[in-house]
Amino acid sequence: MAINNILKPGEPRHVTVLGSTGSVGCNTVDLLLRDRESFTVEALAAGSNVALLIEQALALRPAFVAMADPSARDALEAGLAGTGIAFAVGPEAVIEAAERPSDWVMAAIVGAAGLSSTLAAIRRGVIVAVANKECLVCAGDLVMAETKRSGATLLPVDSEHSAIYQVFDFAQRDSIERIILTASGGPFREADLAHMRKVTPAEAVAHPNWSMGAKISIDSATMMNKGLELIEAHYLFDMPESRIDVLVHPQSVIHSMVSYIDGSVLAQLGSPDMRTPIAYALGWPRRIAAPAARLDLAALSRLTFEQPDPKRFPALRLARTALQSGGGAPTILNAANEVAVRHFLERNIGFLDIADIVEETLSVIDGGRVTSLAEILELDRQSRDRAGRLVERCVAR
């Protein structure tokens, strides 16, 4: 990975936050507010939460604010009146935010919707902190090719990939045997299929360890989140699927591990607080202070591990199959999952229907070979249409 835009000690980092009103975005803003002298904010971008975006803009005073929702124009204009902060609305405004002259960009827009803006930031050759795993799932080959071409630096923000990054010896890649992603197991780790068939969205978003947005919480409950992370890890660390393991670790203390050919296993540990991996990326290559609770291993008393159950959590199998198939299969996987999760949250389908819809969508759409953003977006559209029709079939049952 390239090393660009490393600042001299004491020089403020010039940052942009894409997805500032989401869970990762809010945690990033929290860290920025704790150390105003070390950071200058160039741009904030969000989806539709105009009130929170205005609040963040008034606190951080960025040069530019963007909102994807075009109907937010009047509210933004009123809320930012007299501040001198420039603003724009619509999807193109979010891309404009990504193209503004910062040297560090947090890419935290959830789902495939964040792909275009993340690519825009990467093409500038800056440091891009990737919290949107779906970008690499949907367009891993394209993202990595653009990263290589521009000289950008990708820093993973998912706690698992940040952990791997911190203990992965890039100078001795041949000494690495495998990487091990840990998973909490989610709220239904010990539930049987009969119970899982009847769970509600409220139960599914109640993660036992992490405070996250609704979509990622559902993905954690189905373990699709771990499947998406497996695909992301393949691209970030250039590791074949066969050398990426997933291990359930309910305490969420060991965030992931790297196994070496001499038998050593290096792990990164910490309290389950997203501000830790965000702070690592925000300060990189140095470390900065973060307010996460300090780990007390004696108080924990034990750390446990188990294999994921493929029968109750088929999403892992589907993700591995998509990665093995290559081409546009991961794009199909992600698109169908986003559609299914949304309809589960709206109570149109059951919890177990999510994986079924993803699997059937994968079986009926030919991913082929996708090489451009336009092809990826078209395949994403086709996959969403097909998944939507499968949802309608579930509703009609």
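Look a little higher up for the structure.
1. Some thoughts on the packing of aromatic side chains
Thought 1: Across all of its chains, the model carries 7 aromatic pairs by this definition.
Thought 2: An angle of 70 degrees between the planes, with centres 6.3 Å apart, marks the rings of Y165 and Y280 as edge-to-face. Linking Y165 in helix α7 (residues 159–167) with Y280 in helix α12 (residues 275–283), this pair joins segments that are 115 residues apart in sequence.
Thought 3: The exposure class of Y280 is buried, given its relative accessible area of 14%.
Thought 4: Through a chain of ring-to-ring contacts, the aromatic side chains of Y165, F168, F170, F237 and Y280 assemble into a single cluster.

2. Details of the environment of G368
Thought 1: With respect to the element layout, G368 can be found in the loop between α16 (353–364) and α17 (373–396).
Thought 2: According to the relative accessible area criterion, G368 is partly exposed, its value standing at 41%.
Thought 3: When neighbours within four sequence positions are excluded, G368 is seen to be in contact with G327 and G328.

3. Some thoughts on the pairing of strand β5 (residues 104–107)
Thought 1: Of the two faces of β5, the one lined by W104 and M106 and the one lined by V105 and A107 are each fully buried.
Thought 2: By the bridge criterion, 4 bridges tie β5 to strand β6 (residues 127–130) in an arrangement that is parallel. Within the sheet, the bridge partner assigned to W104 lies in β6 and is I127.
Thought 3: On the question of chirality, the crossover connecting β5 to the parallel β6 by way of helix α5 (residues 115–122) is right-handed.

What counts and how
- Per chain, the residues get numbers from 1 upward, laid out in the order the sequence is written.
- Thresholds applied to this predicted model are a pLDDT of at least 70 for local features of residues and 80 or more for the giving and counting of side-chain atom pairs; totals over whole chains, interfaces and linings are not thresholded and use all residues.
- To obtain the side-chain values, all non-hydrogen atoms of the structure were included, while hydrogens and water were left out.
- Aromatic contacts are taken between Phe, Tyr and Trp rings whose centres are within 6.5 Å, Trp giving its six-membered ring; a plane angle under 30 degrees counts as stacked, one over 60 as edge-to-face, and the others as tilted.
- For helices the rule is a DSSP run of H or I covering at least 4 residues; for strands it is a run of E covering at least 2, with both sets numbered from the N terminus onward.
- Between buried and exposed lies partly exposed: a residue is buried under 20% and exposed over 50% of the maximum accessible area for its type, with that area taken using a 1.4 Å probe on protein chains only.
- Two residues form a contact once any of their heavy atoms are found within 4.5 Å.
- Two strands are said to pair when DSSP picks up at least two bridges between them.
- If you view a crossover with the strands going away from you and the path from the first strand over the helix to the second runs clockwise, you call it right-handed.

Take it as geometry only, folks, not as evidence of what the structure does.
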